[in-house]
Amino acid sequence: MQDQLIKLGLVVAEFNYDITYLMLQRAISHAEFLGAKVSVIFKVPGSFEIPLAVKKLIKLDVDCIAVLGAIIKGETKHDELIANQIARLISDLEVEYEKPIGLGIIGPGATHEQAVERIEEYATRAVEAAIKMAKRLRKIPEKLNEEKVIIE
């Protein structure tokens, strides 16, 4: 089981697609570089819809999911409200379903220029975190013996 190919699902927001499209391209490339297979790409209208898409994908035959979005700061604190809720819901899903979810959402508080600067970093980090956790979860033994176990 450990050596099986990691199947990754990607959820990408279409809002701010000039940014998230590039994030998606980087995420796909990085997954391939890490030897994982992108099994499904689910495009959602905006970052607010990411948790519902994650809940649907998490039930499929994927080992992990990476989410990609860009929440740009406006004149109000709406970006903070959206980002905080999304992060909390995604975290809850990860724990409930015991499947890793890499968080690649730029913001809150980011300007468009700052988001552009973070495209590669956030996309690759999200994919890498999800894949690493999926691999490490496979290494957890069914039972512990007298020896110390280090999972890395």
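What counts and what doesn't
- Residues numbered from 1 in each chain as written.
- Predicted model: local features only at pLDDT ≥ 70, side-chain atom pairs only at ≥ 80, totals over all residues.
- Heavy atoms only, no water.
- Core = buried A, V, L, I, M, F, W, Y, C linked by side-chain atoms within 4.5 Å.
- Buried < 20%, exposed > 50% of the residue type's maximum accessible area, 1.4 Å probe, protein only.
- Helix = DSSP H or I, 4+ residues; strand = E, 2+ residues; numbered from the N terminus.
- Contact = heavy atoms within 4.5 Å.
- Salt bridge = Lys/Arg side-chain N within 4 Å of Asp/Glu carboxyl O.
- UniProt positions renumbered as here; feature names shortened; annotations may be inferred.
- Polar contact = N/O pair within 3.5 Å; in protein donor to acceptor, adjacent residues only side chain to side chain.

A.B. asks: Describe in detail the nonpolar core, supporting the description with residues and values.
C.D. replies: Counting 25 residues, the largest nonpolar core has L8, L10, L68 and V127 as the members making the most contacts within it. When contributions to this core are tallied by element, the ones reaching two or more residues are β1 (7-13), α1 (17-33), β3 (64-72), β4 (101-110) and α5 (119-138). Per-element accounting of this core gives the leading share, seven residues, to α5. Apart from residues no more than four positions distant in its own chain, L8 is found in contact with A31, K37, V38, S39, V40, V62, C64, I65, A66, V127 and A130.

A.B. asks: Please set out the pattern of salt bridges residue by residue, giving values where relevant.
C.D. replies: Across all of its chains, the model carries seven salt bridges by this definition. For the salt bridge of R118 with E117, the shortest nitrogen-to-oxygen distance reads 4.0 Å. Across the salt bridge formed by E128 and K132, the nearest N and O atoms sit 3.6 Å from each other. With a gap of four residues between them, E128 and K132 both fall in helix α5, about one helical turn apart. Judged by relative accessible area, E128 falls into the partly exposed class, the value being 27%. Given the relative accessible area of 40%, K132 is considered partly exposed.

A.B. asks: Tell me about the UniProt feature "binding site: (2S)-2-hydroxy-3-oxobutyl phosphate" (unreviewed entry) in the protein, residues and numbers included.
C.D. replies: Those places that UniProt annotates as "binding site: (2S)-2-hydroxy-3-oxobutyl phosphate" (unreviewed entry) correspond, in this numbering, to E75, T76 and R118. Along the chain, the position of E75 falls in the loop between β3 and α3 (78-97). The exposed category is assigned to E75, whose relative accessible area is 86%. Within the secondary structure, T76 is located in the loop between β3 and α3. There is a polar contact of 3.3 Å between the side chain of T76 and the backbone nitrogen of H78.

A.B. asks: How would you sum up the UniProt feature "binding site: 5-amino-6-(D-ribitylamino)uracil" (unreviewed entry) in the protein? Please name residues and give values.
C.D. replies: Taking the numbering used here, the UniProt-annotated feature "binding site: 5-amino-6-(D-ribitylamino)uracil" (unreviewed entry) corresponds to F15, S47, F48, E49, A70, I71, I72 and L103. Assignment of secondary structure puts F48 in the loop between β2 (37-44) and α2 (50-58). Judged by relative accessible area, F48 falls into the exposed class, the value being 54%. Setting aside its immediate chain neighbours within four residues, F48 contacts I82 and I86. Relative to the assigned elements, A70 resides in strand β3. By relative accessible area, which is 3% here, A70 ends up buried. Other than its neighbours up to four places away in sequence, A70 contacts N16, I19, T20, S47 and I106.

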